[in-house]
Amino acid sequence: MNIKNLQLFLHLCDSKSFSQTAQAMHISPSALSRIIQRLEEETGQPLFIRDNRSVELTSAGQQLLPVAGQIVSSWLELKAQLKDQEQQLQGKLKLFCSVTASYSHLPGILNKFRQRYPQIEIQLLTGDPAQAIEKVQHDKADIAIAAKPDHVSSQLTFLELDNVTLSVIAPLVPASGLQKYLSDTPDWAQLPFILPESGTARDRADKWLKQKKIKPNIYAQVRGHEAIVSMVALGCGIGIAPDVVIDNSPVGSKVRRLEKEKIPPLILGLCCKQSRQQEPLLHALIQLF
């Protein structure tokens, strides 16, 4: 039994005509008849007495009538209240994410949110993804798109959105001088590494290095994954970066992935302080996911 079916039942009680109700409610007479039959099966009683000229309520139908009216009325009242609440929500949310996430994941989040809460202003802050959780913890951002750390603080709420794969990348530039070390069994000791300075991506990189028993020759530690792809493309070394960054980089075609090397993916999600998640603006965003 659903609200639409009850609305059809109520209209039929008033019109006492299947054809009139079907026309007014934009449904075929046969579909209306099937819905009434399902209501009768659910209640276990006939609801209408039908003949060729009229439709009359049975005793069971008369008992259902006020109940159906109350249910539909309460539902419509609730919908109106929720709509009013949505329209009344105003203010500003500070959202932090990386440059890449701002066009790879943010549009899907904001499109849904802006349709429902058009009066809430979004202040977008972009920067090093390794700083995302710190920005939230120090109230420099209300919410952030962040990589989930291995151990999430009990003071944070984290809503998972996506898995982001990572790759080991090398330059395609022949003159880089690195190609001779990049055979089927790379000579890792001779290869300069460009790694994230900190954050969950760096943790993944360190675990991979430890698993491979590589003591890396670190050429650079970089804030922001976009710069890692650029430096690798220039032939400065090999790097570890999220595939979504590589795919969207303007120099992504100038690097190649070392396909044999497998690094556990990052879990990307929305992060905010647990103590703040019931604040109206934050709650409005979080409840969409």
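1. Some remarks on the overall build of the protein chain
1) Next: Helix and strand counts for the protein chain stand at 11 helices and 11 strands.
2) Next: Taking 19 Å as the expected radius of gyration for a compact globule of 289 residues, we find that the protein chain reaches 30 Å, considerably beyond that expectation.
3) Next: Once the C-alpha set of the protein chain is aligned to its principal axes, its extents read approximately 95 × 40 × 30 Å.
4) Next: Within the protein chain, the proportion of its 289 residues that are buried is 42%.
5) Next: Here the analysis covers contacts within the protein chain between residues at least 6 apart in sequence; of these, 71% occur between residues at least 24 apart.
6) Next: Placing the 32 positive and 28 negative side-chain charges of the protein chain at their respective mean positions leaves the two points 4 Å apart.

2. Here's the deal with empty space enclosed by the protein
1) Next: Under the definition given, this model contains 1 cavity of 30 Å³ or more.
2) Next: Taken as a whole, the largest cavity holds about 30 Å³ of empty space.
3) Next: What lines the largest cavity is Asp128, Ala130, Pro196, Glu197, Ser198, Val222, Arg223, Gly224 and His225.
4) Next: The residue inventory of the lining of the largest cavity, partitioned by class, reads 3 nonpolar, 3 polar and 3 charged.

3. What about the confidence of the model for the protein chain?
1) Next: Confidence along the protein chain averages 90 in pLDDT terms, with 97% of residues attaining 70 or more.
2) Next: Summarising per-element confidence for the protein chain, the mean pLDDT is lowest in helix α4 (residues 59–88) (83) and highest in strand β5 (residues 143–147) (96).

4. Points about the pattern of salt bridges
1) Next: Evaluated as defined, the whole model comprises 13 salt bridges.
2) Next: In this structure, glutamate 160 engages lysine 148 in a salt bridge whose closest nitrogen and oxygen atoms are separated by 2.9 Å. With glutamate 160 in strand β6 (residues 156–171) and lysine 148 in the loop between β5 and β6, this residue pair connects regions lying 12 residues apart in the sequence.
3) Next: With relative accessibility at 24%, the residue lysine 148 sits in the partly exposed group.
4) Next: One salt bridge connects aspartate 150 with lysine 207, and the closest N-O pair in it is separated by 2.8 Å. Highlighted residues: aspartate 150 in the loop between β5 and β6 and lysine 207 in helix α8 (residues 200–211), separated in sequence by 57 residues.

5. So, the pairing of strand β11 (residues 263–273)
1) Next: The element β11 is extensively covered by neighbouring structure, given that 8 of its 11 residues are classed as buried.
2) Next: Where β5 meets β11, 4 bridges bridge the pair, whose relative direction is antiparallel. Within the sheet, the bridge partner assigned to alanine 144 lies in β11 and is cysteine 271.
3) Next: Two elements, β6 and β11, share 9 bridges in a ladder whose sense is antiparallel. Looking at the pairing, glutamate 160 lines up with glycine 269 of β11.

6. Some details on the side chain of aspartate 128
1) Next: Looking at where aspartate 128 falls in the secondary structure, it is placed in the loop between β4 (120–126) and α7 (132–137).
2) Next: Here aspartate 128 is buried and forms no salt bridge, its nearest opposite-charge partner arginine 223 lying at an N-O distance of 4.6 Å.
3) Next: In terms of polar contacts, aspartate 128 uses its side chain to reach the backbone amide nitrogen of glycine 224, at 3.5 Å.
4) Next: Not counting the four nearest positions on each side in its chain, aspartate 128 is found in contact with Phe96, Arg223 and Gly224.

Reading guide: rules and limits
- Residues numbered from 1 in each chain as written.
- Predicted model: local features only at pLDDT ≥ 70, side-chain atom pairs only at ≥ 80, totals over all residues.
- Heavy atoms only, no water.
- Helix = DSSP H or I, 4+ residues; strand = E, 2+ residues; numbered from the N terminus.
- Rg over C-alpha atoms; globule rule 2.2 N^0.38 Å.
- Buried < 20%, exposed > 50% of the residue type's maximum accessible area, 1.4 Å probe, protein only.
- Contact = heavy atoms within 4.5 Å.
- Lys, Arg positive; Asp, Glu negative; His and termini not counted.
- Charge placed at Lys NZ, Arg CZ, Asp CG, Glu CD.
- 1 Å grid on protein atoms, 1.4 Å probe; cavity = no way out; pocket = protein on both sides within 12 Å on 5 of 7 lines; lining within 4 Å.
- Points joined across faces, edges and corners; volume = space filled by probe spheres on them.
- Nonpolar A, V, L, I, M, F, W, Y, C, P; charged D, E, K, R; others polar.
- pLDDT = per-residue confidence, 0-100.
- Salt bridge = Lys/Arg side-chain N within 4 Å of Asp/Glu carboxyl O.
- Pairing = 2+ DSSP bridges.
- Polar contact = N/O pair within 3.5 Å; in protein donor to acceptor, adjacent residues only side chain to side chain.

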